[in-house]
Amino acid sequence: MAGLPRRIIKDTQHLLAERVPGIQAESRESNTCYFHVVIAGPQDSPFEGRTFKLELFLPEEYAMAAPKVRFMTKIYHPNVDKLGRICLDILKDKWSPALLSAPSPDDPLANDVVEPWKTDEAQAIETARAATRLYAMNNI
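By convention here, each chain's residues receive numbers from 1 onward along its written sequence. In view of the model being predicted, local features appear only for residues whose pLDDT reaches at least 70, and side-chain atom pairs are presented and counted only at 80 or more, with totals across whole chains, interfaces and linings using the full set of residues. With hydrogens and water stripped out, all remaining heavy atoms of the structure feed into the side-chain values.

As recorded by an unreviewed UniProt entry, the chain carries the name E2 ubiquitin-conjugating enzyme and is attributed to Pan paniscus. UniProt positions are given in the numbering used here, feature names are shortened, and annotations may be inferred rather than shown by experiment. Annotation of the chain in UniProt includes, under Catalytic activity (unreviewed entry), the sentence "S-ubiquitinyl-[E1 ubiquitin-activating enzyme]-L-cysteine + [E2 ubiquitin-conjugating enzyme]-L-cysteine = [E1 ubiquitin-activating enzyme]-L-cysteine + S-ubiquitinyl-[E2 ubiquitin-conjugating enzyme]-L-cysteine."

A. Representation of the packing of helix α3 (residues 111-119) against helix α4 (residues 121-135) in the model. Where α3 contacts α4, the axes come no closer than 5 Å and their chain directions differ by 135°. Classed by the angle they form, the pair α3 and α4 counts as oblique. The residues of α4 that touch α3, namely those facing Pro116, Trp117 and Thr119, are Glu121, Ala124, Ile125 and Ala128. For helices, the fitted axis covers only the stretch in contact; all axes are lines through C-alpha atoms, and the angles between them, taken along N-to-C directions, range from 0 to 180 degrees. Helix numbering and strand numbering both begin at the N terminus, where a helix is a DSSP run of H or I of at least 4 residues and a strand a DSSP run of E of at least 2. For this classification, under 35 degrees means roughly parallel, over 145 means roughly antiparallel, 65 to 115 means roughly perpendicular, and everything else is oblique. Contacts between residues were defined by any pair of non-hydrogen atoms, one from each residue, lying within 4.5 Å.

B. Region of interest: α3. Buried residues are those whose accessible area, probed at 1.4 Å on protein chains only, stays under 20% of the maximum for their type, while exposed residues exceed 50% and partly exposed ones sit between those limits. Residues of α3 that are buried: Val113, Val114 and Trp117. Mapping the buried residues of α3 onto a view down its axis gives an arc of 100°, with all of them on the same face. Exposed residues pointing more than 90 degrees away from the buried face of α3 are listed as Asn111 and Thr119. Structurally, α3 contributes buried residues whose contacts are with α4. The directions from the helix axis to the C-beta atoms form the arc being described.

C. Broad picture of the UniProt feature "active site" (unreviewed entry) in the chain. Within this structure's numbering, the places UniProt gives as "active site" (unreviewed entry) are Cys87. For Cys87, the location among the structural elements is in the loop between β4 (68-71) and α2 (88-92). Excluding residues that lie within four positions of it along the chain, Cys87 makes contacts with Asn79, Asp107, Pro108 and Leu109.

D. View of the nonpolar core. What is meant by a nonpolar core is a set of buried Ala, Val, Leu, Ile, Met, Phe, Trp, Tyr and Cys residues, joined one to another through side-chain atoms within 4.5 Å. In terms of nonpolar packing, the biggest core is built from 27 residues, with Phe52 and Phe71 touching the most fellow members. Going through the elements one at a time, β2 (34-40), β3 (50-57), β4, α3 and α4 are the ones with two or more residues in this core. If sequence neighbours within four positions are ignored, Phe71 has contacts with Ile39, Phe52, Lys53, Leu54, Val80, Leu83, Gly84, Ile86, Leu99 and Leu100.

E. Inspection of the pattern of salt bridges at higher detail. Salt bridge, as used here, is a side-chain nitrogen of Lys or Arg placed within 4 Å of a carboxyl oxygen of Asp or Glu. A complete count under the given rule lists four salt bridges for this structure. Among the salt bridges present, the one from Glu55 reaches Arg70, with a minimum N-O distance of 2.9 Å. Highlighted residues: Glu55 in strand β3 and Arg70 in strand β4, separated in sequence by 15 residues. Of the charged contacts in the structure, one is a salt bridge between Arg85 and Asp81, with a shortest N-O distance of 2.6 Å.

F. Structural view of the confidence of the model for the chain. One number per residue, pLDDT, summarises how confident the predictor is, and it ranges from 0 to 100. The predicted model of the chain averages 84 in pLDDT, with 89% of residues at 70 or higher. Taken element by element, the chain is modelled with least confidence in α2, mean pLDDT 59, and with most confidence in α4, mean pLDDT 95.

G. Representation of the environment of Val80 in the model. Looking at the secondary structure, you find Val80 in the loop between β4 and α2. Here Val80 falls in the buried class, since its relative accessible area comes to 2%. Placed 19 residues apart in sequence, Val80 and Leu99 show a C-alpha to C-alpha distance of 9.8 Å. Beyond its immediate chain neighbours, meaning those up to four positions away, Val80 contacts Phe71, Ile75, Arg85, Ile86, Leu109 and Ala110.

H. View of the environment of Ser101. Along the polypeptide, Ser101 turns up in the loop between α2 and α3. Taking the relative accessible area as the measure of exposure, Ser101 reaches 40% and is therefore partly exposed. Placed 53 residues apart in sequence, Ser101 and Glu48 show a C-alpha to C-alpha distance of 9.2 Å. The contacts of Ser101, once residues within four sequence positions are left out, are Pro42 and Ser45.

Have a look at this one:
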């Protein structure tokens, strides 16, 4: 980890040493700023009972710049686009582990997903559940 900014080293060591329930993270040996992450869908959400793969990259400017996060598992969510990118505002200003617990249709990234979420939330939640069963893995 020599040559990396101190903040990245500190946060990386913390992430790997103090496991958070429902989250697994492993850094790449060749690049300690890049992580393979698996998160469990939160209880009482359409994503409950399944896990999602993500990739996380800490830029050199971190913590002044947001981490780059992308869902590798396909997900039906108004704040995640078809390529797995998460809405930038959520990463910069409104980041919360509750991303999966509380989708925000007022700050969408996936325009094809947000309209159903705004007009018929119950149906959007059912669609999210069906997509989760189809694409996400069984729990960790």
